[in-house]
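Observations on chain architecture
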Amino acid sequence: MIDNLVIVESPAKARTIEKFLGKDFRVASSMGHIRDLSKKDFGIDLKNNYKPEYIVPNDKKKIVSELKKLVKEANIVWLASDEDREGEAIAWHLFEVLKLDPARTRRIVFGEITKNAILESIKNYRSINENLVNAQQARRVLDRLVGFELSPVLWKKVKPSLSAGRVQSVAVRMIVEREREIINFKPSSSFRITGTFISQNNNGKNQKFRTELNQRFHDKSTTSEFLEKCKNAEYKILNVTKIPTKKSPSPPFTTSTLQQEASRKLSFSVAQTMSVAQRLYEAGYITYMRTDSVNLSQLALNTAKKTITEEFGDKYVNIHQYKTKSKGAQEAHEAIRPTYIENSSIEMTNAEKRLYELIWKRMVASQMSNAEFEKTTAVIEISTTKEHFVAQGEVLKFDGFLKLYIESTDDEGEEETKGLLPVLQKDQILENTEIVAMQRFTNPPTRYTEASLVKKLEEQGIGRPSTYAPTISTIQNRGYVIKEDRDGKERAYTLFTLKDNLIEESEQLENYGREKSKLFPDNIGMIVNDFLIEYFKEIMDFNFTAYVEKEFDDIAAGKMEWTKMIDEFYIPFHLQVEKTLENSEYTKGERQIGVDPESGKAVIARMGRYGPIVQIGEAETDTKEKPRYASLLKGQHIETITLKEALELFKLPRIIGNYEDKEMVVGIGKFGPYVRHDSKFYSLKKEIDDPYKITSDRAIELINEKREHDKNRIIKTFKDEPDLQILNGHWGPYISYKKKNYRIPKGSDPAKLDKEECLKIINAPSGKKNKN
């Protein structure tokens with residue numbers, strides 16, 4: 001018999017908990033959810049008050065069977081899944097599927113996996129909170145109804161195999177709208193004027209400092225006139241003001257702010273941050289990582305005070321609580337913090353160590369004193385004109401929390417002219433060494449990163465801590481949004497320099513608009529977005545999506561019946577789906593962009609079966625003449641491609657020469673530009689090869705490179721079993737058989753394996769598929 005059986009979601013969490021419990025406890029893992037909605041008929045009984053129809057998936061049946069055996073042997077079953085709504089739903093599913101006896105079942109929750117927290121939770125066990133379960137069921141049912149009803153509409157009216165979701169579609173809308181703001185943005189320019197002056201510092205030495213004119217000029221002539229006035233001008237300090245300022249530390253991390261800061265400081269994706277944080281939590285190093293609270297326990301505050309005092313001294317201590325400001329903040333969890341604040345580092349993988357140290361620094365810094373500055377502003381008048389220069393400097397008087405932690409930002413603005421100023425006094429005459437007038441351009445709105453999109457979703461009250469990462473992963477996996485780097489463009493700007501009473505004008509070049517890890521909408525994402533906005537305005541409305549989240553919160557608080565909430569949404573939504581299927585037309589996102597000068601036929605950009613295309617002409621029934629088609633290049637959009645760019649695409653495919661008595665043809669396919677030779681395809685290299693300019697010599701080089709690579713890739717083949725190969729892959733040697741890959745056990749020599757040994761590895765029950 002087992003005195004106490006504890007069931008958690010993951011083996012890692014089970015191993016950590018087992019260390020804290022004695023021999024009277026056995027800890028088992030459910031490996032996440034053990035059942036899900038059936039795929040048949042939505043998995044929801046629409047005629048029976050939206051009753052969910054759950055099934056145990058095939059890959060979970062063995063786990064369920066093992067858990068049932070353990071339950072039979074146990075006196076008491078402790079359900080210890082996570083403390084959020086999803087964790088509560090997992091506990092409820094376990095209770096239902098395992099047919100647990102309420103009298104012998106305990107529900108326990110803890111915000112951190114420490115001995116004290118677990119033992120405390122066992123003392124304060126409770127029953128399953130059905131309100132939390134219902135809130136999670138409502139989310140699951142609503143999202144299933146939206147996805148299963150909207151997706152077939154997209155298949156019939158836009159393109160097969162598309163899908164839609166409630167929160168994901170709104171996230172795509174944000175990215176599409178931002179992209180269109182950028183597309184429609186018209187930059188303007190002005191001249192930013194900076195002056196360099198000399199004054200003595202505290203040591204009596206001359207020190208240069210920079211200033212900026214209090215106004216910008218919008219054309220060359222006005223700028224030039226101003227510089228002419230500055231020749232032989234006298235520069236005198238009109239006034240000097242000194243103001244003490246303070247900077248406060250940021251609160252400890254919530255899920256959203258952790259995702260944002262890990263993106264900026266560690267270059268982690270949102271999904272990577274949550275994956276690493278999950279491992280840290282399950283190993284007992286941090287508190288629960290899905291939270292929108294900035295609250296800290298009294299024990300955490302006391303430990304932080306002790307740590308700061310020992311590390312930095314009493315004057316750095318400023319213990320206080322923060323208040324949660326996010327819309328619709330959920331259950332009263334604690335902020336994300338180290339479980340043992342006295343430990344500033346841990347021994348795990350590099351990614352886990354870096355994220356832990358970020359969490360530790362942020363939490364400890366949140367309880368440190370404000371940083372204190374003295375901000376100095378000096379106004380410098382020009383004897384020959386009404387404009388004046390302004391010098392700003394900042395002196396750090398007390399570093400406070402900055403001794404440990406500085407928060408990053410997403411700002412991409414111009415660099416400010418702040419620094420340490422020399423001693424400046426009213427009516428002091430200054431020596432000017434140089435005045436520079438540089439043409440600057442207004443910037444379009446910045447594209448979203450994963451982190452800034454999370455911030456926007458949170459500001460709008462859309463989604464909750466558990467949904468941000470899945471939402472962002474889903475919109476990328478569906479191909480509606482692409483995350484990538486893009487090179488900047490080159491532009492000319494005008495530069496004036498006044499030095500030694502001589503004005504010099506020159507034209508300089510600069511790169512601008514470079515993007516790193518930004519989210520771009522794909523063509524199909526824009527088309528689907530427009531279709532959904534036209535026919536399903538409510539689903540795509542930001543306020544409506546936030547309102548639905550508020551209703552989930554009300555269900556969790558026991559203030560609302562979940563089936564009533566679904567009913568109020570579903571009845572009008574279903575009618576709109578039927579109306580759209582009946583009355584809307586098939587959309588291709590079609591746009592006529594001009595006329596082909598050679599044929600006089602219309603040039604059209606639209607979505608084709610395999611992606612965005614341009615075509616010249618329509619299908620002619622009389623002449624049976626077919627239109628000509630060309631695929632858009634990566635980064636080109638149906639709604640912005642120009643006639644010139646479209647006609648360029650029809651220059652491909654083109655023959656660039658012969659090799660080994662066979663033609664080499666350059667074209668663009670589904671996977672990008674290629675060279676076709678002897679019925680084989682060789683990809684052009686991104687950022688190196690231009691399909692319109694590539695030479696025959698370069699094409700031959702690519703063909704031979706690929707042949708050499710393929711030759712080294714094959715370790716062994718079998719004449720009597722052509723589907724069987726031993727290959728070299730990114731992760732090492734592996735067996736390939738009938739389009740499936742299998743790992744080769746450690747200690748085996750891949751080159752010496754015969755056919756029977758390979759088939760034995762393939763058919764072994766423990767045979768693992770390879771990533772290659």
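This one's a predicted model, so the numbers in the text were calculated from it and none came from an experiment.

**As for the environment of Thr254**
When you line up the elements, Thr254 lands in the loop between β11 (235-247) and α8 (255-266). Between the C-alpha atom of Thr254 and that of Asn704, which follows or precedes it by 450 residues, the distance is 53 Å.

**Observations concerning the pattern of salt bridges**
Inspection of every chain in the model, using the stated rule, returns 47 salt bridges. The residue Asp720 makes a salt bridge to Lys755 at a minimum N-O spacing of 3.2 Å. Residue Asp720 is found in the loop between β28 (714-717) and β29 (724-729), and its partner Lys755 is found in helix α20 (residues 755-763); the two are separated by 35 residues along the sequence. By relative accessible area, Asp720 is classed as exposed at 55%.

**What about the side chain of Arg144?**
Topologically, Arg144 is positioned in helix α5 (residues 130-157). Summary of buried charges: Arg144 has no salt-bridge partner, and the nearest side chain of opposite charge, Asp36, is 4.7 Å away. With residues near it in sequence (within four places) discarded, Arg144 still touches Leu37, Ser38, Lys39, Phe42, Gly43 and Ile44.

**Notes on the sheet that holds strand β25 (residues 662-669)**
Sheet architecture is open: four strands sit in the order β24-β25-β26-β27, paired in antiparallel fashion. Looking along the sheet, the strands with just one partner apiece sit at the ends: β24 (654-659) and β27 (680-683). Direction aside, neighbouring strands of the sheet carry axes that sit 30° apart on average. For strand β26 (residues 672-677) and β27, the ladder comprises four bridges, and the chain directions are antiparallel. Considered in β27, the bridge of Val675 is made with Tyr682. Against the sheet, helix α19 (residues 696-713) contacts β24, β25, β26 and β27, and its axis sits at roughly 65° relative to β24.

**A short note on the sheet that holds strand β2 (residues 25-29)**
Taken together, four strands build an open sheet; the order of strands is β2-β1-β7-β8 and the sheet is parallel. Among the strands making up the open sheet, the edge pair consists of β2 and β8 (105-107). Strand after strand, the sheet turns through a mean of 25° between neighbouring axes, direction not considered. Those strands touched by helix α1 (residues 11-20) are β1 (2-8) and β2, and its axis lies near 165° from that of β2. Each of β1, β7 (74-79) and β8 touches helix α3 (residues 85-97); the most contacted strand, β8, lies at about 175° to it.

**Some thoughts on the environment of Leu495**
When you line up the elements, Leu495 lands in strand β17 (residues 489-499). Given the relative accessible area of 15%, Leu495 is considered buried. Spatially, the C-alpha atom of Leu495 lies 62 Å from that of Ile566, the residues being 71 residues apart in sequence. Discounting chain neighbours no more than four positions away, the residues touching Leu495 are Val436, Ala437, Met438, Glu504, Glu505, Ser506 and Gln508.

**Side note on helix α7 (residues 220-230)**
When we look at burial in α7, the residues that qualify are Thr223, Phe226, Leu227 and Cys230. With its buried residues spanning 95° around the axis, α7 presents them on a single face. Backbone geometry just after α7 places Asn232 at a positive phi near 65°.

**Quick notes on the environment of Lys361**
Within the fold, Lys361 resides in helix α11 (residues 350-365). Put simply, Lys361 and Ile593 are 232 residues apart on the chain and 55 Å apart in space, counted from C-alpha to C-alpha. The contact partners of Lys361, leaving out residues within four places of it in the chain, are Leu404 and Tyr405.

**Some thoughts on the side chain of Ser269**
Relative to the assigned elements, Ser269 resides in the loop between α8 and α9 (270-282). In contact with Ser269, not counting residues within four places along its chain, are Glu450 and Lys483.

**Here's the deal with the packing of α8 against helix α12 (residues 450-459)**
Interhelical geometry of α8 versus α12 gives an angle of 160° and a closest axis separation of 8 Å. It follows from the interaxial angle that α8 and α12 lie roughly antiparallel. As for how α8 packs across α12, the hand of that crossing is left-handed. Here Ser256, Gln259, Gln260 and Ser263 of α8 lie close against α12, whose contacting residues are Ala451, Val454, Lys455 and Glu458.

**Structural notes on the nonpolar core**
If you look at the biggest cluster of nonpolar residues, it comprises 124 residues, and the most contacted ones within it are Leu355 and Val614. Top element by residues in this core is α5. It accounts for ten residues. Residue contacts for Leu355: discarding those within four places in its chain leaves Leu258, Ala262, Leu266, Phe268, Thr273, Val276, Ala277 and Leu280. Core analysis: the second largest hydrophobic core is formed by 25 residues, Leu94, Leu98, Leu100 and Ile128 among them.

Parameters and conventions
- Residues numbered from 1 in each chain as written.
- Predicted model: local features only at pLDDT ≥ 70, side-chain atom pairs only at ≥ 80, totals over all residues.
- Heavy atoms only, no water.
- Helix = DSSP H or I, 4+ residues; strand = E, 2+ residues; numbered from the N terminus.
- Salt bridge = Lys/Arg side-chain N within 4 Å of Asp/Glu carboxyl O.
- Buried < 20%, exposed > 50% of the residue type's maximum accessible area, 1.4 Å probe, protein only.
- Lys, Arg positive; Asp, Glu negative; His and termini not counted.
- Contact = heavy atoms within 4.5 Å.
- Pairing = 2+ DSSP bridges.
- Axes fitted to C-alpha atoms, helices over the stretch in contact; angles between N-to-C directions.
- Arc of directions from axis to C-beta.
- Parallel < 35°, antiparallel > 145°, perpendicular 65-115°, else oblique.
- Left-handed = near helix turned anticlockwise from the far one by under 90°.
- Core = buried A, V, L, I, M, F, W, Y, C linked by side-chain atoms within 4.5 Å.

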